[in-house]
Amino acid sequence: MSRFAYLFERFPSFGQTFCYREVTELDRQGTAPPIFSIRNPKGERPQDWDARIVKRVHYLPEEKELLDDVR
């Protein structure tokens, strides 16, 4: 199986419910791809999502820090 990762604009987020279900099913099957989020979902209502999956999310740095790192 080829290796892959998920890159979301904002995760976990209500707008990503379908994607969350896909990640959950892969987890159930024993596959745990890395999860990256460009933005932190600040100010969103909490979802009743599996904390083990939410803890796996790696957030990219804020825009200024990310641009500094790239430069």
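Residues numbered from 1 in each chain as written. Predicted model: local features only at pLDDT ≥ 70, side-chain atom pairs only at ≥ 80, totals over all residues. Heavy atoms only, no water.

(A) Inspection of the pairing of strand 2 (residues 35-39) at higher detail. Of the strand pairs in this sheet, strand 1 (residues 6-10) and strand 2 are connected by 4 bridges, and their pairing is parallel. Pairing of Phe8 across the sheet is with Ser37, part of strand 2. Taking the sense of rotation as the criterion, the β-α-β connection linking strand 1, helix 1 (residues 17-28) and strand 2 turns out right-handed. As defined by bridge partners, strand 2 adjoins strand 3 (residues 57-59) across 3 bridges and the pair is classed as parallel. Each residue of the ladder has a partner; that of Phe36, found in strand 3, is His58. (Pairing = 2+ DSSP bridges. Helix = DSSP H or I, 4+ residues; strand = E, 2+ residues; numbered from the N terminus. Right-handed = clockwise from strand over helix to strand, strands pointing away.)

(B) Quick look at unusual backbone geometry. Following Phe11, the chain continues into Pro12 via a peptide bond in cis, with omega recorded as -5 degrees. Residue position: Pro12 is located in the loop between strand 1 and helix 1.

Without other data, these values stay purely geometric and don't point to any function.
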